[in-house]
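# Per-entry structural report
Here is what each chain is made of, one letter per residue.
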Amino acid sequence: MTNIPETGRNPRVQIRLVVIQVLVLSLLLTLGGRLWYLQIREGAAYAKEASGNHVQQVVQPAVRGSILDARGVALADNETRLVVSASRTDLLKMPDDGKDVLTKLAGVLGMTPKEVQEKVRLCDAKTPQPCWNGSPYQPIPITDEATPKQALQIRERAEDFPGITAEPEAVRRYPSPGKANTAQVLGYLSPVTDEEIKKAQNTNSPYLRSDQVGRSGLERQYDKQLRGKAGVTRYEVDNLGRVIGQAEADPAQPGDNLVTSIDARVQRIAEYQLNEAMKEARRQHDRNTGTNYKADSGAVVVMEAKTGRVVAMASNPNYDPNAWVGGISAKDYARLTGKSSNYPLLNRAIQGQSAPGSIFKVIPTAAAINAGYSFDGPYQCSSSYSLGGQVFKNFESKGYGPISLGRALEVSCDTVFYRLSHEEWKKDGGGKPKKHPNDWFYKTAHQFGLGKETGIDLPNEVTGRVPDRKWKLDYWKANKDAWCRTGKRNGSYAEKIAYENCLEGNRMRAGDSVNYSIGQGDTLVTPIQMATIYSAISNGGTLYNPSVGKAVISADGRTVTPIKPRSHGKLPMTRQTRDRIDEALEGVATRGTAAWRFGGWPQDKIPMHAKTGTAEVYGKQTTSWFATYTKDYSIVMTISQGGTGSGASGPAVRNIYNALYGVSEDGDIDAKKALLPTPEKTLPKVKTDGTIASPKVPKDPAKDQQAKKKDPNAPADPLQPATSAPPSPENRDTRRRRRRRGSRRLPT
Amino acid sequence: MTGGVNSFQVSGYGPERSGWTRLLARDSVARRLDWPILLSAMALSLLGTLLVYSATRNRTELNQGDQYFFLIRHLLNTGIGLALMAGTIWLGHRGLRTAVPVLYGFSLLLILLVLTPLGSTINGAHSWIKLPGGFSLQPSEFVKVTIILGMAMLLAARVDAGDRQYPDHRTVLQALGLAAVPMLIVMLMPDLGSVMVMVIIVLGVLLASGASNRWVFGLLGAGTLGAVTVWQIGVLDEYQINRFAAFANPELDPAGVGYNTNQARIAIGSGGLTGSGLFHGSQTTGQFVPEQQTDFVFTVAGEELGFVGGGLIILLLGVVLWRACRIARETTDLYGTVVAAGIVAWFAFQTFENVGMTLGIMPVTGLPLPFVSYGGSSMFAVWIAVGLLQSIRVQRPMSA
């Protein structure tokens, strides 16, 4: 049939063709098997990797809510700053590691290339500041003070500045309206730590790498409300980072605004007056130590007596809270926390504790009534009280004869309280105490809220101390070893004390209870505790938890969550006792120890009540205490190593009252000049667009008050409304990867 | 019908029949064509069109703003390929036998032209000739065909003439010399992938020709030795070495040389069983895989059509190869057997290398996937090869 020989069919060729066919088949099966392995067995892992590849998150940080004063004036808000940042990952992709770009950038920003280089290097053990200690994948801010012109230059020549961005960002700002510093109350922010990120990972408010967290004060206490929720938009991107679709969008929720009961003007005056009083104290000679008073620290609290709300709270020394914005420098940090700094970060109104001295006496007064003594007495006010071999002297060794408890408060007669306390000590068994002693004087102090936190809405409040039997025992257990080691029977004063403490420090001695009765010895209180107590006396006996936060208002003003005053108990006294004490404290202001500071005060219109205190601290100068109240406010001031209560703190407190009520030096009340004759009742309005209507605060209310003294016809503060708008939410954290891979081609 | 048509009607006697009758007649060309190969190749080309379109519709820097640019061209290439196949069938592999020296000489001339200033470099390989009108030619693709034809002509000449049972050493040496000349030129380009394919073709051709085992194993040994030498003396360009290094360790520098393989494997792996759906692959849409319309076209199938689609492509290529093996075994003359076997070696290795590199089991080289990858020269060459296979089948005696 064919003329072609079947040469292709010889056996060797046929066998080899079968070999080829088998080889081909095995190659194809290999491909199929590998395909199955990649797609079916490992498919899920690769799918995950692919989604990580093409989904990029764009994080929109939430704008932090503002902290407002009672009238809506911003104490802490945000300002929009132009932040120029560099992406390290992009820079490192360049052949010269971005040196050229950074040099060009330095030229635009008017910095030296070295400065810019140092900003973008990563911190490690060998690298000194400045360096970047955040995530290397986060854009590193080079400056947050770029001018619009510089930003424009960078943006318009984006191809010259690969990896460099210039974008507006919201930066925290503490504007100090009317020079009210309010530093310790507001607190500060600092960058979130890795630990916190990990901890909050699975909660409903996770942190972003770029987040700032409130570290103290209101910023910390109300961090959750102020922070808001960052928006995350997930974009599908291509290999060049170009967006090709939007996967998910979760808009940013701006943080809520916190309205406080602080009045910026009163706050300023409180701070100013405290500082002036301390300056004045340093000019005064202290007879006991032979030097001028050191007046090393002080605090003042202005509280609404009927609610416990804090109108002003000042602590001295203070600091500029803006030092924390944009990362604190090492120098500033040392200045704020170093050993020689005197710790300005401490809020001494809630964290400073010292013996209260005579402002404590309202407590033994109530204790005596509760123990069954009558208010009227009479009680012998001798110039001294002997106990064993020891003589306890009356203040300035003055005797007043037989007097009532009220009069004892007025003239601050120590011996009356010595005697009562000693008598009770003896009733409780004296040196061999009964099994269940009454301890009226200590129990009452606890009932007044001493020895524990007041519950103010500020972090890290300290408790103070009531030196009762239990405390004595615990304290002795903790310290007896040291006392017994250093104590000497016939040594120095300190050694003798240690010796005594070693022997019987676990027991309540007669001298202890005598000392305690006038707020001396181991008793410790904080200014906020005393303000709470004097407010309670003013309001009829309710101990309120002091509060700074008044309401939380959402950014659009639609949701208002008021923070209601809460109480933690009643004063342990009858209405009648309260009235008698109230009467006595009014006497202090009119004819007692504080009268000389309230000369010309319109007592008939604004009844003033006061108690002075001068606490002695071993090895230090006396602590000045001054506790006062009217029907609406109570003001407590203290100056450490400042002298006497009325002497050092009196004028300052009087001036704060003058400002609140518009009282002039000669006692006239000018309602127009009154800053806050009655506590602020309404809340500021936050409009739906986020703006807040607030009155304008004069440049410096304290200076105005000083000026008014000189010029009684000075016009009242203009109450022009000002509007503060929140910053635009344009500060996007676009972590785009700019790859250059698009140009990579595959050689064939 | 002209006389030309008659020339490949093997049983060319009997009464004149009408066109339809002749088409459907048992001995007609249409009936004797290997339809599984033709349909599989068609299916692969059309599937390729969709995949190429999916890979390029967003690549504005490549498609000159026309998303159908590559789709239309791929279809056009397929059409030209079909025409070339028909022409090859019409001429017949035996008819071409006489023209082999001319074709071989012409292909040598073309690859030599590449080395002149007329040649141009694309992706590191200097293997292209720019033609007017934006077209370019890759002569090494055609050299694969002429090597097969040339070697087969030499090796089968005396066997088919009935002089010898197997090709003698002299003939084998001549055939190797014939293959070595263009291979050396292609190596100079350098186009290592094509050289590798040619080595495999030479092996397949020798194996099928019945040449002595000594030649086959000797060549295998020489090939291995050559590869080691080339590696050692640094003839390879840096990019070529890097690719092998990246193959050995794919995690090495995932942003650099390992990038291609990594992204390719992510694309395929994420496809799963049924894929993300045509045009819905994120890796493809996001252009994460470079050269996706040509060398990495399989990743589009892997991602968007999943195991089902990728498996289908391998299956269709398997059908082509399986049928081609049958053609090689069933044809009666050694020339036809050797040509078919050479094509099998070519397609099989190129498929394995191309798909294998996207799956990470072979190092990356610039080789297209037959029928599926975008590229005119490759498309034309594989369709000419299909034409040769069809011609071998059509011209073999009826088994009845």
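Residues numbered from 1 in each chain as written. Chains lettered and ligands numbered in written order. Predicted model: local features only at pLDDT ≥ 70, side-chain atom pairs only at ≥ 80, totals over all residues.

## Describing the overall build of chain B
Regarding its fold elements, chain B presents 18 helices and three strands. Relative to its 400 residues, chain B shows a buried fraction of 53%. Restricting to contacts in chain B with at least 6 residues of sequence separation, those with at least 24 account for 70%. (Helix = DSSP H or I, 4+ residues; strand = E, 2+ residues; numbered from the N terminus. Buried ≥ 20, exposed ≤ 12 C-beta atoms within 10 Å, placed from the backbone. Contact = placed C-beta atoms within 7 Å.)

## As for the overall build of chain A
What chain A contains, in helices and strands, is 24 helices and 26 strands. Taken over 748 residues, chain A has a buried fraction of 46%. Nonlocal contacts in chain A, meaning residues at least 24 apart in sequence, comprise 72% of its contacts between residues at least 6 apart.

## Looking at the sheet that holds strand β23 (residues 633–640) of chain A
All names here are of chain A. On the basis of which strands lie adjacent, the open sheet formed by five strands has the order β12-β11-β23-β22-β21 and antiparallel pairing. At either margin of the open sheet sits one strand with a lone partner, and together these are β12 (310–316) and β21 (609–615). Neighbour to neighbour, the strand axes of the sheet diverge by 5 degrees on average, direction disregarded. In this sheet, strand β22 (residues 623–629) lies alongside β21 in antiparallel orientation, the contact comprising seven bridges. In the sheet register, Thr612 faces β22, and the bridge partner there is Phe626. Helix α11 (residues 264–282) contacts β11 (297–304), β12 and β23 of the sheet and is inclined by roughly 35 degrees relative to β12. Contacting β11, β21, β22 and β23, helix α23 (residues 645–661) crosses the sheet at an angle of about 35 degrees to β22. (Pairing = 2+ DSSP bridges. Axes fitted to C-alpha atoms, helices over the stretch in contact; angles between N-to-C directions.)

## A look at the packing of α11(A) against α23(A)
All names here are of chain A. Where α11 contacts α23, the two axes come as close as 9 Å, and the packing angle between them is 160 degrees. With respect to α23, the axis of α11 lies roughly antiparallel. Remark: the crossing between α11 and α23 carries right-handed chirality. In contact with Val266, Ile269, Ala270, Gln273, Leu274, Glu276, Ala277 and Ala281 of α11, α23 contributes Ala648, Ser649, Pro651, Ala652, Asn655, Ile656, Ala659 and Leu660. For the contact of α11 with α23, a count of residues per class yields twelve nonpolar, three polar and one charged. (Parallel < 35°, antiparallel > 145°, perpendicular 65-115°, else oblique. Left-handed = near helix turned anticlockwise from the far one by under 90°. Nonpolar A, V, L, I, M, F, W, Y, C, P; charged D, E, K, R; others polar.)

## A closer look at the nonpolar core
Judged by nonpolar contacts, the single largest core of 128 residues is most densely connected at A:Val266, A:Val301, A:Val302, A:Ala408, A:Ile635 and A:Ile656. At nine residues, the largest contribution of residues to this core is made by α11(A). Structurally, this core is a two-domain feature, drawing no fewer than three residues from each of domain 1 (56–260 + 728–743) and domain 2 (261–371 + 425–468 + 508–683 + 691–724) of chain A. Ranked by size, the runner-up nonpolar core spans 119 residues in total, among them B:Leu96, B:Phe307, B:Ala341 and B:Ala385. (Core = buried A, V, L, I, M, F, W, Y, C linked by C-beta atoms within 7 Å. Domains from an automatic or database assignment.)

## Some thoughts on unusual backbone geometry
Residues and elements named next belong to chain A. Following Asn316, the chain continues to Pro317 via a peptide bond in cis, the omega torsion being 5 degrees. In this structure, Pro317 sits in the loop between β12 and α12 (330–337). The omega torsion across Gly377 and Pro378 is 0 degrees, close enough to zero to call that bond cis. Tracing the backbone shows Pro378 in the loop between α14 (362–370) and β13 (379–381). Residues other than glycine seldom take positive phi values, yet Ser176 does so here, at roughly 50 degrees. Note on placement: Ser176 falls in the loop between β5 (164–173) and α7 (183–186).

## Considering the environment of A:Arg558
Among the secondary structure elements, A:Arg558 is positioned in the loop between β18 (549–553) and β19 (560–562). C-alpha separation for the pair A:Arg558 and A:Val686, spaced 128 residues apart in sequence, amounts to 8.0 Å.

## As for helix α5 (residues 113–120) of chain A
All names here are of chain A. Along α5, the positions that sit buried rather than exposed are Val116, Lys119 and Val120. When α5 is viewed along its axis, its buried side chains cluster within an angular range of 90 degrees and face the same direction. Along its buried surface, α5 packs onto β3 (74–86), α3 (88–92), α4 (99–109) and β4 (140–143). (Arc of directions from axis to C-beta.)

## Re the environment of A:Thr143
Residue and element names in this part refer to chain A. Turning to its location among the elements, Thr143 is positioned in strand β4. On the basis of neighbour counts, which here come to 21 C-beta atoms within 10 Å, the residue Thr143 falls in the buried class. As for Thr143 and Leu82, which are separated by 61 residues in sequence, their C-alpha atoms are 8.1 Å apart. The residues touching Thr143, leaving out its near neighbours within four places in the chain, are Val84 and Leu109.

## Focus: helix α14 (residues 259–269) of chain B
In terms of residue burial, α14(B) counts as a mostly covered element, since eleven of its eleven residues are buried. If you check which residues of α14(B) are buried, you get B:Tyr259, B:Asn260, B:Thr261, B:Asn262, B:Gln263, B:Ala264, B:Arg265, B:Ile266, B:Ala267, B:Ile268 and B:Gly269.

## A few points about the confidence of the model for chain A
In this model, chain A carries a mean pLDDT of 84, and residues with pLDDT of at least 70 account for 88%. Below a pLDDT of 50 lies the segment residues 712–748 of chain A, which in the model reaches 90 contacts outside its immediate sequence neighbourhood of four places, other chains included. (pLDDT = per-residue confidence, 0-100.)

## Topic: the packing of helix α1 (residues 11–41) of chain A against helix α11 (residues 192–209) of chain B
One way to put it is that α1(A) packs onto α11(B) with a least axis distance of 7 Å and a crossing angle of 145 degrees. Counted together, A:Val13, A:Arg16, A:Leu17 and A:Ile20 of α1(A) and B:Gly204, B:Leu207 and B:Ala208 of α11(B) form the full contact between these two elements. Taken together, the residues of the contact of α1(A) with α11(B) sort by class into five nonpolar, one polar and one charged.

## Thoughts on the environment of A:Glu236
Residue and element names in this part refer to chain A. Secondary-structure assignment places Glu236 in strand β8 (residues 231–237). Its 19 C-beta neighbours within 10 Å are what place Glu236 among the partly exposed residues. Through-space distance from the C-alpha of Glu236 to that of Ser51 is 8.6 Å; in sequence the pair is 185 residues apart.

## Quick notes on the confidence of the model for chain B
All names here are of chain B. Scored by pLDDT, chain B has a mean of 84; 86% of the residues are at 70 or more. Across residues 1–7, confidence stays below pLDDT 50; counting only partners more than four residues off in sequence or on other chains, it has three contacts. In the predicted assembly, ipTM is 0.89 and pTM is 0.64.

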